[in-house]
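The chain contents come next:
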Amino acid sequence: MRAVYVSRPGVVCSCADSSTQLWKAVTNANQDSIRQVKSVSGKNYFAAKVLPQELKTSSSRIDMHISRIEEKALSQLDETVKLAAQKWGSDRIAVCVGSCDNASETSFAAHKTFLETGSFPSDYSLEKQSADFVASLISERYGVKGPSLAFSTACSSSAGATIKAAELIASGFADAVIAGGVDIASDTTLLGFDSLEAVSPLKTNPFSKNRKGITLGDAAAFFLLSKEPLSSSGEDIILSGYGESADAFHMTSPEPSATGAVRAMKKALKKANLLPEDISYVNLHGTGTHANDEMEARAVREVFSDSVPCSSTKSVTGHTLGAASALEAAVCWETLFNNRNAKEKCSVLPFQVWDFCADDTMPAVCIVSERNPCSTKSAVCHVMSNSFAFGGSNASLIFSMEESK
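The paragraphs below set out a description of the structure included in this document. Note that the coordinates shown come from a computational prediction; the quantities given were computed from them, not determined experimentally.

1. As for the overall build of the protein
The number of helices and strands found in the protein is 11 helices and 15 strands. Across its three principal directions, the C-alpha atoms of the protein cover 65 × 55 × 35 Å. Scored against the burial criterion, the 405 residues of the protein give a buried share of 58%. Within the protein, counting contacts between residues at least 6 apart in sequence, those at least 24 apart form 78% of the total. Accessible area of the protein: about 15,900 Å², with a carbon and sulfur share of 51%. Computed over 38 positive and 45 negative side-chain charges, the separation of the two mean positions in the protein equals 2 Å.

Below, the structure is given as structure tokens:
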């Protein structure tokens, strides 16, 4: 596989306004940004939402919460995109974005008005619900003219976007791609997942025998993927492998035997020309639902045995749906970047927040936490991120330090 270089990410979520802040949050095991919110139904939920007062008005054609989050994350890539355009030209830069949201924050209110009055609000347009808006926003912001693609495969959306970005570069359709994801925990999302009895009444508690479901959240995370590095500051992190599978077992439940998840991980390892023992850390999908965590524990044990350090950073960021893969890729990027001198000092891996009550009905995995930091002086050269979505859309990404290849 031809090396695809991955820039420092632009990140916005409930606990961070940059990838550096995200790293601090996931290595300090801090859940303070997960707060109770009241939905339009009057029911309260724990959610990791970005506060409106922390966002500026969007300059995009449609100003709403999701576009404000997206632009705040993108602003951190402005200089990188400018360098790419100067080097390769705007027509050689593509866009790939994963998201599950179709302006639900505005459509919910608009439909409520329609049901009450018989007409939509005067400022409401179906364009707000266009699936391509999150990608069009980027193309218009930077004036880039390469392919502009939107992906919506539930929780693996931005992993799919990242994989397609790498394929566009490998096939010669683009020299660089702005890739990532954005999503929000709108009332539509909160009420929808609650109807599936998937939302935890407490802050999420992945892999615990006491787990009760997910905690939803807002996020945007974007990278510039390119065929050559743009930075000379030692940020030579590459997307070295990826794998996808589709088990189509059920609309919302993962395939219990984990065959699809295992296939995705093994494909990623093969693509990267790596063995399981080469992976220093796995960022788990780790939603905190009974079905996902049991399936994923089985998959990790089958591929890696029980020794690879793992954690679910959704315990800090919340489950950010279509943005989750990109946000967790940012965690992986920071894991490599902050451990590039691990031979000289102890490595630091992202913590999972949980109650330390393991579920002995499922295979044990090595959870990184404050009680079990898994710190060593071994080099951290390759890390994996897993995303297992509704409908059996599975994806695994491997990020590596180029010098280790």
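2. Describing the sheet that holds strand S4 (residues 44-48)
Read across the open sheet, the 3 strands follow the order S3-S4-S8; overall the sheet is mixed. Each having just a single partner strand, strand S3 (35-38) and strand S8 (216-217) make up the two edges of the open sheet. Where S4 and S8 come together, 2 bridges link them in parallel fashion. Residue Ala47 lies in a different strand from S8, and its bridge partner there is Leu216. On the sheet, helix H7 (residues 187-195) packs against S3, S4 and S8 and is oriented at approximately 115 degrees with respect to S4.

3. Some thoughts on the packing of aromatic side chains
Summed over the entire model, instances satisfying the criterion amount to 5 aromatic pairs. With a centroid separation of 5.9 Å and an interplanar angle of 55 degrees, the aromatic rings of Trp354 and Phe356 are classed as tilted. Clustering of aromatic rings is evident, with ring pairs tying together Phe114, Phe120 and Tyr124. The aromatic ring of Phe337 is capped on one face by Arg8, whose charged end is 4.8 Å from the ring centroid. We note Arg340 situated over the ring of Phe337; from NZ or CZ to the ring centre the distance is 3.8 Å.

4. Comments concerning helix H8 (residues 259-272)
If you check H8, its first and last C-alpha atoms are 20 Å apart, about what 14 residues at 1.5 Å a residue would give, namely 20 Å. Along H8, the positions that sit buried rather than exposed are Gly260, Ala261, Val262, Ala264, Met265, Ala268, Leu269 and Ala272. Each element contacted by the buried residues of H8 is listed here: strand S10 (237-246), helix H9 (290-304), strand S14 (382-389) and strand S15 (393-401). Directly beyond the C-terminal end of H8, a positive phi value near 60 degrees is found at Asn273.

5. Remarks on the packing of helix H2 (residues 65-74) against helix H5 (residues 133-142)
Where H2 contacts H5, the axes come no closer than 11 Å and their chain directions differ by 45 degrees. In terms of orientation, H2 and H5 fall into the oblique class. Considering how the two elements wind past one another, H2 and H5 form a crossing that is right-handed. Side by side, H2 and H5 meet where Ile66, Ser67, Glu70, Glu71 and Leu74 of the first sit next to Phe133, Val134, Leu137, Ile138, Arg141 and Tyr142 of the second. The class makeup of the residues in the contact of H2 with H5 is 7 nonpolar, 1 polar and 3 charged.

6. A look at the nonpolar core
Ranked by size, the top nonpolar core spans 55 residues in total, and within it Leu22, Cys96, Val177, Leu225, Leu239 and Phe399 carry the most contacts. At 9 residues, the largest contribution of residues to this core is made by helix H11 (residues 324-338). Those residues in contact with Phe399 that sit more than four places away from it in its chain are Val6, Ile237, Ile238, Leu239, Ser240, Ala329, Cys332, Leu336, Cys381, His382 and Val383. Formed by 31 residues, the second largest nonpolar core is a distinct cluster that contains Ile66, Leu74, Tyr142 and Val182.

7. Some remarks on the pairing of strand S2 (residues 10-13)
Here S2 shows no split at all, with Gly10 and Val12 on one side and Val11 and Cys13 on the other all buried. One ladder, built from 4 bridges, connects S2 with strand S9 (residues 219-226); its direction is antiparallel. From the neighbouring strand, Val11 faces S9, where its bridge partner is Ala221.

8. Quick look at the pairing of S9
Of all 8 residues that make up S9, 8 are buried, and the element is covered over most of its length. Neither face of S9 is exposed, since Ala219, Ala221, Phe223 and Leu225 on one face and Ala220, Phe222, Leu224 and Ser226 on the opposite face are all buried. Direction of pairing for strand S1 (residues 4-6) relative to S9: antiparallel, over a ladder of 2 bridges. Within the sheet, the bridge partner assigned to Tyr5 lies in S9 and is Ser226. In terms of strand pairing, strand S7 (residues 176-183) meets S9 through 8 bridges, oriented antiparallel. Paired with Gly181 across the bridge in S9 is Ala221.

Criteria and thresholds
Residues numbered from 1 in each chain as written. Predicted model: local features only at pLDDT ≥ 70, side-chain atom pairs only at ≥ 80, totals over all residues. Heavy atoms only, no water. Helix = DSSP H or I, 4+ residues; strand = E, 2+ residues; numbered from the N terminus. Buried < 20%, exposed > 50% of the residue type's maximum accessible area, 1.4 Å probe, protein only. Contact = heavy atoms within 4.5 Å. Areas by Shrake-Rupley, 256 points an atom, 1.4 Å probe, with all protein chains shown as cover. Lys, Arg positive; Asp, Glu negative; His and termini not counted. Charge placed at Lys NZ, Arg CZ, Asp CG, Glu CD. Pairing = 2+ DSSP bridges. Axes fitted to C-alpha atoms, helices over the stretch in contact; angles between N-to-C directions. Phe/Tyr/Trp six-rings, centres within 6.5 Å; stacked < 30°, edge-to-face > 60°. Lys NZ or Arg CZ within 6 Å of the ring centre and 35° of its normal. Expected span 1.5 Å × (residues − 1). Parallel < 35°, antiparallel > 145°, perpendicular 65-115°, else oblique. Left-handed = near helix turned anticlockwise from the far one by under 90°. Nonpolar A, V, L, I, M, F, W, Y, C, P; charged D, E, K, R; others polar. Core = buried A, V, L, I, M, F, W, Y, C linked by side-chain atoms within 4.5 Å.

Bear in mind that shape data such as this cannot, by itself, settle questions of function.
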